[in-house]
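The chain contents come next:
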Amino acid sequence: MSNVEIRIQKARAQAGQMRVLGAVLIPMLSAAIGLPLIGEIYLVSFEPAPWAAEVGVLSAILIKLLSYAPAIAAAVAVVMLQPVLVEYHEGRFVSDKASTAFQLAGISALAAFFLKLLIAPIAIALLGGASFSWRVEMLDIALMVFAASVMMIGGVLDAAVAALKAENDQIV
């Protein structure tokens, strides 16, 4: 077995391990976000705090949904990377499905960034939940770098797929 074949085997094995790890951790991630959200929606609906009673039940529910929206979008980005691991585990390192999944995950992470930084705080302030405060944290910068990197990898893979297809079409 050549060095290249060994490296391919290792990459496929690592992708398989990450796929299993994702299958275990994604439900935990969903529960970590979903269960507190359900609890908070229940509380503002049936046992509202003074602020929730002041803005009204519907506005309080929207405020809670908006406050969780960045975490939900970031979790969706993680879930969208699962098809990449499937493709890599099966040995298809340059595929249209993997490049599309990378690009969609990057867009979802970018949406999480903008939701956290601008959209949610402004919408919450407009709904009367809190005054608008713009805070940029290190995690926001990391999320932006992650989103940009994943989108770039998806674009590079897409270009590689197109180049391989053009090369194969020329041969045929």
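Check the entry above for the structure.
Student: Can you lay out helix H3 (residues 57-80) for me, pointing to particular residues and giving the numbers?
Tutor: Between the first and last C-alpha of H3 there are 33 Å, a value that for 24 residues agrees with the 34 Å anticipated at 1.5 Å per step. By the largest-angle criterion, Ala69 marks the main kink of H3, which is about 40°, and a proline, Pro70, follows within four residues. When H3 is considered as a whole, its buried residues turn out to be Ser59, Ala60, Ile61, Ile63, Lys64, Leu66, Tyr68, Ala69, Pro70, Ala73, Ala75 and Ala77. Along its buried surface, H3 packs onto helix H1 (3-46), helix H2 (50-55) and helix H5 (96-127).

Student: Please set out the environment of Leu143 residue by residue, giving values where relevant.
Tutor: You can see Leu143 is positioned in helix H6 (residues 138-171). Expressed as a C-alpha distance, the spacing of Leu143 and Ala112, which sit 31 residues apart in the sequence, is 8.0 Å. Residues in contact with Leu143, not counting those within four places in the same chain, are Ala109, Ala112 and Phe113.

Student: An account of the packing of helix H4 (residues 82-89) against H5 is requested, with residue identities and associated values reported.
Tutor: At a minimum axis distance of 8 Å, the contact between H4 and H5 shows a crossing angle of 155°. On the basis of the axis angle, H4 is roughly antiparallel to H5. The way H4 lies across H5 gives a crossing that is left-handed. Residue-level inspection shows Pro83, Val84, Glu87 and Tyr88 of H4 in contact with H5, the latter providing Lys97, Ala98, Ala101 and Phe102. Counted by class, the contact of H4 with H5 contains 6 nonpolar, no polar and 2 charged residues.

Student: Lay out the layout of surface pockets in plain terms, naming residues and giving numbers.
Tutor: Volume-wise, the largest pocket comes out at about 340 Å³. With 6 residues, the single largest contributor to the lining of the largest pocket is H5. Here the residues of the lining of the largest pocket are counted per class, giving 10 nonpolar, 3 polar and 2 charged. For the second largest pocket, the calculated volume is near 240 Å³. In this structure, the second largest pocket is lined by 13 residues; those nearest its centre are Met18, Gly22, Val78, Gln82 and Leu85. For the lining of the second largest pocket, the secondary-structure elements that each account for two or more residues are H1 and H4. Element by element, the count of residues in the lining of the second largest pocket is highest for H1, at 6 residues. The class makeup of the residues in the lining of the second largest pocket is 11 nonpolar, 2 polar and no charged.

Definitions and limits used
- Residues numbered from 1 in each chain as written.
- Predicted model: local features only at pLDDT ≥ 70, side-chain atom pairs only at ≥ 80, totals over all residues.
- Heavy atoms only, no water.
- Helix = DSSP H or I, 4+ residues; strand = E, 2+ residues; numbered from the N terminus.
- Expected span 1.5 Å × (residues − 1).
- Bend = angle between axes of the 7 residues up to and from the residue.
- Buried < 20%, exposed > 50% of the residue type's maximum accessible area, 1.4 Å probe, protein only.
- Contact = heavy atoms within 4.5 Å.
- Axes fitted to C-alpha atoms, helices over the stretch in contact; angles between N-to-C directions.
- Parallel < 35°, antiparallel > 145°, perpendicular 65-115°, else oblique.
- Left-handed = near helix turned anticlockwise from the far one by under 90°.
- Nonpolar A, V, L, I, M, F, W, Y, C, P; charged D, E, K, R; others polar.
- 1 Å grid on protein atoms, 1.4 Å probe; cavity = no way out; pocket = protein on both sides within 12 Å on 5 of 7 lines; lining within 4 Å.
- Points joined across faces, edges and corners; volume = space filled by probe spheres on them.

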